[in-house]
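Fold and contact review
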Amino acid sequence: MRASLLQIDVNEDETVESRRVRTASLVREQAGSADLVVLPELWTTGAFAYEGFASEAEPLEGPTYEAMAKAASDAGVWLHAGSIPERDPEGPLYNTSLVFSPSGDLAAAYRKIHRFGFDKGEAVLMGAGEELVTVRLPETTLGVATCYDLRFPELFRGLVDAGAETLVIPAGWPERRRAHWTLLAQARAVENQAFVLACGTAGTHAGVPQAGHSIVVDPWGEVLAQAGAGEQVLTVEFDPAKVAATREQFPALKDRMLGLPAPRR
């Protein structure tokens, strides 16, 4: 199976519509060279461009949905279209990921559960998702998470329990914590004996330099490929069957101790 991670440069010198058109073109260029294409988190607005979330928010089936659905269909690829600021007419904004099939149909939508910012930014401007999401492809089952979710291993255990074999994580990760990005991607791969495809942005969002360095990690924690800091298409071939082989060869997941009581105080 071949995957292309599109590490999009997000900066204030380009309009959202221009970046949407350019990104759709990049997706179409993956026709014949990738089965799965992955985009970063909030690549339309920038993950740290909080002030633009409300003005740039769109309904689920808005302009980004339409552009990415057509791009997926034109390229004949599975497309994890990163995430958008979704405007729910009956609720708050959400940081919502979209996954399209090669026919351009929406296969899944995931509202980010863990919102970053503590007492500002995304944490107060957007609502929290409540459901884990997996997507069954012919070759593998994807487990979908977004950026800050990477710091919460229990979410990924839930995805594995739901059948996930390949964990796909779009992000807008800052350069100042790049070491955590690589470390956590490898940790999630090792502890869940799964492939990790983590796609970040390049550029600068609202004055925050982005880490880039999108990464693909195998179930043993080996880095199969990693991008640099700038805009880049990172394409890698991997064998989804390695997940089952790894879990059989080293069956650590079978030794999980669930339902332990809380420690005494």
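Fair warning: this is a prediction, and the values are worked out from it, not measured in the lab.

Here we come to the sheet that holds strand S12 (residues 208–209). Strand order in the open sheet made by the three strands is S2-S11-S12, with mixed pairing throughout. Pairing within the sheet leaves two strands with one partner each, and these edge strands are strand S2 (9–10) and S12. Pairing between S2 and strand S11 (residues 202–205): two bridges, direction parallel. Among the inter-strand pairings, Asp9 is bridged to a residue of S11, identified as Ala202.

Here the focus is the pattern of salt bridges. Per the stated rule, a full pass over the model turns up 16 salt bridges. For the salt bridge of Arg111 with Glu86, the shortest nitrogen-to-oxygen distance reads 2.9 Å. Of this pair, Arg111 sits in strand S6 (residues 106–111) while Glu86 sits in strand S4 (residues 78–87); the two residues are 25 residues apart in sequence, bridging distant segments of the chain. With a closest N to O distance of 2.4 Å, Arg188 and Glu191 form a salt bridge.

Quick look at the pairing of strand S10 (residues 195–199) now. Within S10, five of the five residues are buried, which leaves the element mostly enclosed by the surrounding structure. On S10, burial covers both faces: Phe195, Leu197 and Cys199 on one face and Val196 and Ala198 on the other are all buried. Taken together, strand S9 (residues 166–170), helix H6 (residues 178–192) and S10 constitute a β-α-β crossover, and its handedness is right-handed. Sheet analysis places S10 next to strand S13 (residues 215–217), joined by three bridges and oriented antiparallel. Looking at S13, one finds that Ala198 is bridged to Ile215.

Compared with the 18 Å implied by 1.5 Å per residue over 13 residues, the 18 Å span of helix H3 (residues 63–75) between its first and last C-alpha is a close match. Backbone geometry just after H3 places Gly76 at a positive phi near 70 degrees.

The next point concerns the packing of helix H5 (residues 153–161) against H6. Close contact between H5 and H6 brings their axes to 11 Å; oriented N to C, the two are set at 40 degrees. Relative to H6, the element H5 lies oblique. Considering how the two elements wind past one another, H5 and H6 form a crossing that is right-handed. Facing H5, whose interface residues are Pro153, Phe156, Arg157 and Val160, H6 presents Arg188, Glu191 and Asn192.

Time to look at the environment of Pro59. With respect to the helices, strands and loops of the structure, Pro59 is situated in the loop between helix H2 (53–56) and H3. As for Pro59 and Arg87, which are separated by 28 residues in sequence, their C-alpha atoms are 5.0 Å apart. Those residues in contact with Pro59 that lie beyond four places of it in its chain are Ile84 and Arg87.

Rules of the game
- Each chain has its residues counted from 1, running along the sequence as written.
- Confidence filtering applies because this is a predicted model: local features only for residues at pLDDT of at least 70, side-chain atom pairs given and counted only at 80 or more, and all residues used for totals across whole chains, interfaces and linings.
- Only hydrogens and water are removed before side-chain values are computed, so all heavy atoms of the structure are retained for them.
- Pairing between strands is defined by DSSP: at least two bridges between them are needed.
- Each helix is a run of DSSP H or I of at least 4 residues and each strand a run of E of at least 2, with the numbering of both proceeding from the N terminus.
- In the sections that follow, a salt bridge refers to a side-chain nitrogen of Lys or Arg positioned within 4 Å of a carboxyl oxygen of Asp or Glu.
- Only protein chains enter the calculation, and the probe is 1.4 Å; a residue is then buried if its accessible area is under 20% of its type maximum, exposed if over 50%, and partly exposed in between.
- Consider the strands pointing away from the viewer: the crossover is right-handed when the path from the first strand over the helix to the second runs clockwise.
- Under the convention used throughout, the expected extent of a helix is 1.5 Å for every residue step, that is, one less than its residue count.
- Axes, fitted as lines to C-alpha atoms, cover a helix only where it is in contact. Angles between the N-to-C directions of the axes lie from 0 to 180 degrees.
- With respect to orientation, any angle under 35 degrees is reported as roughly parallel, any angle over 145 as roughly antiparallel, any angle of 65 to 115 as roughly perpendicular, and every other angle as oblique.
- In this scheme the handedness of a crossing depends on how the near helix is turned from the far one: anticlockwise by less than a right angle means left-handed, clockwise means right-handed.
- Residues are treated as being in contact if the distance between any of their heavy atoms lies within 4.5 Å.

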